[in-house]
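Each chain is listed here by its residues.
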Amino acid sequence: MDGSDAVRAEGSRRPVPDGAGRDRQPAPTVGVEEEYFLVDAATHAAVPAGPGLAARAAGVLGELVSGEFTDLQIEVRTPPCSTMDDLSAELTRLRRELAACATAENLKVCPSATPVIGGDVAPVGDHPRYRDGVKLFRTMMDDFAVCALHVHVFLPDREVAALVGNHLRPWLPLLVEMSANSPFHAGRDTAYASWRSVLRLRFPGLGPPPRVESFDDYRRFATAMADVGGMSFAELPFWDTRPHPNLPTLEVRCMDVPAEAVDSVALAAVVRGLVVTSARLAEQGDQGPRLSGELLRGAYWYASRDGWPGRGADALTGRMLPAPERARRLLEHIGAALEDLGDLERVTAFVDRLATRGSGAHRQRAAHRAGGLPAVVDDLASCMIPPDAAPPQSPAWRTPLRRGRDGRASLEGAGRERPGDGTAPTAAREPLGKPMHATPNPNGRTPERGGLVRRDGYARLSAADLGVDPEALAEDFARLADAYRDLPPDPYARETNRFRRYSHAVYLPWTGALSYIPGAPDGEFGTVTEYWQDEHNPEYPRLRRRLPDIPPALHGNRLLDALVRADLDHALWLEDLHRVPVYVGIHLIALGVQDRGQVAVSSPNCLHQDGGSPATFTFAHLVGRRNIEGGENVIATPESAGRQPDALPADAIHTRFVLTEPLDGYGVHDRRVSHYVGPVRLGDDGGGGRRDILIVGIAPYAPGL
């Protein structure tokens, strides 16, 4: 918990060249401590096996392993490392060896920041300092069993280290969000992303450090806190940043232990980038921003509750901003240092991973939905033995930074091209890299972004309105239409003559990158993706429907890509979508009938809205219509949701229409209207009948949608 010689970094530095080729200050070494829970392999419950396993593992790892505050836990710590590749190798080795020792004891090692099952009573370890803490804080310690990631960065100058803490304070809530990995505690979902942070914030001596004028000022604060009973020892404060009392390091302690070592290493790179940037500022006489302590603790609370990618308080400005926007600002702030240290790609890939899959809290809840709390524990335990080769870049996409005129790294103008994977010709991939403002219209002029959707909340949209040329993309249109031939019945309503597939993607407005998120394996459909409408679909309230994925071959379909990007262009006038990853849900839906007695209906079969966010949009594009009657679209007031169009007064209905031509469609700003498509029946032209529609949903991205 306090570090040891394992994280000493004395004299272990390497020079970092600046942009002009001169040597800057040597790159500080970095070491990390990770704490884990020990669980019974059969029951999956946390068990007090820490001392025994620590003794066994010490035979392999020596002083790099030890017990922790409670006997439910164990800790490993790396030696100081000059590069993140070295740190990754060391941490991976420690995790692997510890997991092997645990297996020999019929245990599993669980990298979660709170105990998932059990742990509601935490037996305190046999250490005088631990017993002093129980004596001081009493019942507050009963369930205080938490596991953290601590990062030590070599910084022997105590005066500089104290001022660096001032510079780090506004970024600490974002580190909480990025690392959040404790949604469950003792068998229940807390409804928080980082319950560990909530438990810690109960204590007067834990959380953000005070702003100080000097190292002596720092020590005076610590002494005063100990004198009034706010902490046990003045010489060993437990604030979230501290010049370590026994090591020549600055320690950052606010983060949950991540599930995967690759994320721990990325967070260590972020912390080192912050420390290097802050030390440069402190050495230039900048003592750091003056922040309200109350506002900072409020930002902590938002970070603990909502996690990534939720809106939280930016402690620098007092504004409520989404976590991805604050992460963008962080990367702008430390980009130059990251580039100098060789860590830029690793950190931007980490931010990309957060955008595509969420934090550890999202991972735990996804495992819980699939198999309950035991599945959460099993999934976390599997992370202790990572793949042999984990590349630093994201498998989906990257957001590289570039230098601005001031020499600082910037997201603007970076990453305009998706990394090629060799699976599609260049001509098919090129449109995927264009930012949305580059989408042309038939007249060669860029229309006012949003058009009638922006003005009225809805609009009829033809291919020409969207700037899409069906003739130029005829082959891609044919392949898209072919995908509707084998749509499976809707697994949640097989009797409705509705057929569908669904996948979702993430779009980055600042790069133009559009990336599909892989589905989960499924025995019937191959892979499936969850679709969530919360309370907005009265037929499936709060149900996460697992729908068969669209064919991977469509991911590179140029027509589909052009339609999605045109839809985005009609939504991105909204400021809320400018600087956050954007969710793009893609539905292939067919309503098909074979005889006069059949009726095919959409879901829900009433006027409705598709989501709760003020930034939700829905677009529809007709792919095919043959031998059917009906399928009328109705757009009405938002208050009409849940009702049938024929039951409404005339002034509640904005428009009614029937889509008949390929790529005819419409778009709606969800919060401003409700919408509906009526049932279809067989027509008189012979053979079966069907209506094939492409639905594109757009909203601020939140993993789990």
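Please read all numbers here as calculations on a predicted model, not as lab measurements.

Rules of the game
Numbers given for residues are sequential positions, taken from 1 along each chain in its written order. Reporting in this predicted model follows two pLDDT cut-offs: at least 70 for local features of residues, and 80 or more for side-chain atom pairs to be given and counted; totals over whole chains, interfaces and linings ignore these cut-offs and use all residues. In computing side-chain values, all of the structure's heavy atoms are included and hydrogens and water are not. A run of DSSP states H or I qualifies as a helix once it reaches four residues; a run of E qualifies as a strand once it reaches two. Both are numbered from the N-terminal end. We call two residues contacting when some pair of their heavy atoms lies within 4.5 Å. In these tables, accessible area is a Shrake-Rupley quantity obtained with a 1.4 Å probe, and a residue counts as shielded only by the protein chains included in the view. To get an axis, a line is fitted to the C-alpha atoms, and for a helix only the part in contact is used. The angle between two axes follows their N-to-C directions and goes from 0 to 180 degrees. Note on angle classes: values under 35 degrees are labelled roughly parallel, values over 145 roughly antiparallel, values of 65 to 115 roughly perpendicular, and the remainder oblique. Each residue gets one of three labels, nonpolar for Ala, Val, Leu, Ile, Met, Phe, Trp, Tyr, Cys and Pro, charged for Asp, Glu, Lys and Arg, and polar for the others, Gly among them. Ring pairs shown here join Phe, Tyr and Trp side chains whose ring centres sit within 6.5 Å, with only the six-membered ring taken for Trp; geometry is labelled stacked below 30 degrees between planes, edge-to-face above 60, and tilted in between. Note on exposure labels: buried denotes an accessible area under 20% of the residue type's maximum, exposed denotes more than 50%, and partly exposed covers the range between, all computed with a 1.4 Å probe on protein chains only. Placement of a charge over a ring requires the Lys NZ or Arg CZ to be within 6 Å of the ring centre, with the centre-to-atom vector within 35 degrees of the ring normal. A helix is expected to span 1.5 Å multiplied by its residue count minus one. Note that the arc is computed from the directions linking the helix axis to the C-beta atoms. Here, a salt bridge means any Lys or Arg side-chain nitrogen found within 4 Å of an Asp or Glu carboxyl oxygen. If you view the pair so one helix is near and one far, a crossing is left-handed when the near helix is turned anticlockwise from the far one by less than a right angle, and right-handed when it is turned clockwise. Here, any two strands with at least 2 DSSP bridges between them count as paired. For a residue, the bend is simply the angle between two axes, fitted respectively to the seven-residue segment ending there and the seven-residue segment starting there. What pLDDT reports is the predictor's confidence in each residue, on a scale of 0 through 100.

Some words on the overall build of the protein
Consideration 1: For the protein, the count of helices and strands is 17 helices and 30 strands.
Consideration 2: Sequence-distant contacts in the protein: of pairs separated by 6 or more residues, those separated by 24 or more amount to 78%.
Consideration 3: For the protein, the accessible area works out to roughly 27,300 Å², and carbon and sulfur atoms hold 51% of it.

A few points about the packing of helix 5 (residues 172-179) against helix 8 (residues 261-283)
Consideration 1: Relative orientation of the contacting elements helix 5 and helix 8 amounts to 170°, with a least axis distance of 11 Å. Between helix 5 and helix 8, the interaxial angle falls into the category roughly antiparallel. Two secondary-structure elements touch here, helix 5 through Leu175, Met178 and Ser179 and helix 8 through Leu267, Val270, Val271 and Leu274.
Consideration 2: Taken together, the residues of the contact of helix 5 with helix 8 sort by class into 6 nonpolar, 1 polar and no charged.

Focus on the packing of aromatic side chains
Consideration 1: Tallying each qualifying case throughout the model produces 8 aromatic pairs.
Consideration 2: Between Phe215 and Tyr218, the aromatic rings sit 5.9 Å apart at their centres with planes inclined by 15°, giving stacked as the arrangement. Placement of the pair is Phe215 and Tyr218 together in helix 7 (residues 215-227), with a separation of 3 residues, close to one helical turn.
Consideration 3: On the accessibility criterion, Phe215 (13% relative accessible area) is buried.
Consideration 4: Owing to a relative accessible area of 7%, Tyr218 belongs among the buried residues under this scheme.
Consideration 5: Here the aromatic cluster, defined as three or more aromatic residues joined through ring pairs, consists of Phe215, Tyr218 and Trp239.
Consideration 6: Taking NZ or CZ as reference, Arg460 lies 4.4 Å from the ring centre of Phe657, over its face.

Side note on helix 9 (residues 293-306)
Consideration 1: The first and last C-alpha atoms of helix 9 sit 20 Å apart over 14 residues, in line with the 20 Å expected at 1.5 Å per residue.
Consideration 2: Considered for burial, the residues of helix 9 that qualify are Leu296, Ala299, Tyr300, Ala303 and Ser304. In an axial view of helix 9, the angular spread of the buried residues amounts to 135°, which keeps them on one side of the axis.
Consideration 3: Where helix 9 is buried, its residues touch helix 5, helix 6 (195-201), strand 11 (249-256) and strand 12 (311-313).
Consideration 4: Looking at the residues trailing helix 9, positive phi occurs at Gly307, about 60°.

Re the pattern of salt bridges
Consideration 1: One pass over the structure, following the stated rule, counts 38 salt bridges.
Consideration 2: With a closest N to O distance of 3.3 Å, Arg363 and Glu260 form a salt bridge. Here Glu260 lies in the loop between strand 11 and helix 8 and Arg363 lies in helix 12 (residues 360-382), a separation of 103 residues in the sequence.
Consideration 3: Where Arg329 meets Glu325, a salt bridge forms, and the shortest distance between an N and an O atom there is 2.8 Å. Highlighted residues: Arg329 and Glu325, both in helix 10 (residues 323-341), separated by 4 residues, approximately one helical turn.
Consideration 4: Members of the salt-bridge network, linked through shared partners, are Asp314, Glu325, Arg328, Arg329 and Glu332.

Overview of the packing of helix 8 against helix 11 (residues 344-357)
Consideration 1: Two numbers describe how helix 8 lies on helix 11: the axes approach to 9 Å, and their chain directions differ by 125°. Comparing the axis directions of helix 8 and helix 11 gives the class oblique. Helix 11 is crossed by helix 8, and the crossing has left-handed handedness. Together, Val262, Asp263, Val265, Ala266, Leu267, Ala269 and Val270 of helix 8 and Arg346, Val347, Phe350, Arg353 and Arg357 of helix 11 make up the contact between the two elements.
Consideration 2: Each residue belonging to the contact of helix 8 with helix 11 can be placed in one class, and the counts come to 8 nonpolar, no polar and 4 charged.

Notes on the sheet that holds strand 27 (residues 665-669)
Consideration 1: Strand order across the open sheet formed by 7 strands is 16-27-23-30-22-17-18, with antiparallel pairing between neighbours. Where the open sheet ends on each side, the last strands, each with one partner, are strand 16 (458-461) and strand 18 (513-516). Put simply, the sheet's adjacent strands are angled 20° from each other on average, direction ignored.
Consideration 2: Summarising the sheet, strand 16 and strand 27 pair through 4 bridges and their orientation is antiparallel. Bridged to Ala459 within strand 27 is Gly667.

Here we look at the sheet that holds strand 26 (residues 653-658)
Consideration 1: Strand order in the open sheet formed by 3 strands is 26-25-28, and the pairing between neighbours is antiparallel. Every other strand in the sheet has two partners, leaving strand 26 and strand 28 (674-677) as the edge strands with one partner each. The average undirected angle you get between the axes of adjacent strands in this sheet is 15°.
Consideration 2: Pairing analysis gives 5 bridges linking strand 25 (residues 632-636) to strand 26, with the strands arranged antiparallel. For Ala636, the partnering residue across the bridge sits in strand 26 and is Ile653.

Describing the pairing of strand 27
Consideration 1: By the criterion of burial, strand 27 is predominantly enclosed, with 5 of the 5 residues buried.
Consideration 2: The pairing of strand 23 (residues 617-626) with strand 27 spans 5 bridges and is classified as antiparallel. Residue pairing across strands places Phe617 opposite His669, the latter belonging to strand 27.

A look at unusual backbone geometry
Consideration 1: In the segment running from Trp308 into Pro309, the intervening peptide bond is cis, with an omega of 0°.
Consideration 2: By the element assignment, Pro309 lies in the loop between helix 9 and strand 12.
Consideration 3: One non-glycine residue, His44, lies in the positive phi region at around 70°.
Consideration 4: Here His44 is to be found in the loop between strand 3 (30-40) and helix 1 (50-61).
Consideration 5: A positive phi angle, close to 70°, is found at Ala191, a residue other than glycine.
Consideration 6: With respect to the secondary-structure elements, Ala191 resides in the loop between strand 9 (188-189) and helix 6.

Description of the pairing of strand 17 (residues 498-508)
Consideration 1: Of all the 11 residues making up strand 17, 10 are buried; the element is thus mostly covered by neighbouring parts of the structure.
Consideration 2: Where strand 17 lies against strand 22 (residues 582-593), 10 bridges are found, and the strand directions are antiparallel. Its bridge partner being in strand 22, Tyr507 is matched across the sheet by Val582.
Consideration 3: As judged from the 4 bridges shared by strand 17 and strand 18, these two strands associate in the antiparallel manner.

So, the environment of Pro509
Consideration 1: Assignment of secondary structure puts Pro509 in the loop between strand 17 and strand 18.
Consideration 2: Look at Pro509 and you get buried, because its relative accessible area is 15%.
Consideration 3: Placed 68 residues apart in sequence, Pro509 and Leu577 show a C-alpha to C-alpha distance of 7.8 Å.
Consideration 4: Beyond its immediate sequence surroundings of up to four residues, Pro509 is in contact with Leu577, His578, Val580 and Val582.

Some words on helix 10
Consideration 1: Taken as a whole, helix 10 carries its principal kink of about 60° at Ile334.
Consideration 2: The buried count for helix 10 comes to 17 of 19 residues, which makes it a mostly enclosed element.
Consideration 3: Gly342 sits one or two residues past helix 10 and shows a positive phi near 80°.

What to know about the confidence of the model for the protein
Consideration 1: Confidence in the prediction for the protein averages 82 pLDDT; 81% of positions are at 70 or higher.
Consideration 2: For the protein, helix 13 (residues 426-429) is the element with the lowest average pLDDT, namely 26, and strand 6 (residues 107-110) is the one with the highest, namely 98.
Consideration 3: This model gives residues 8-23 a pLDDT under 50, and the stretch forms 41 contacts once residues within four places in sequence are excluded.

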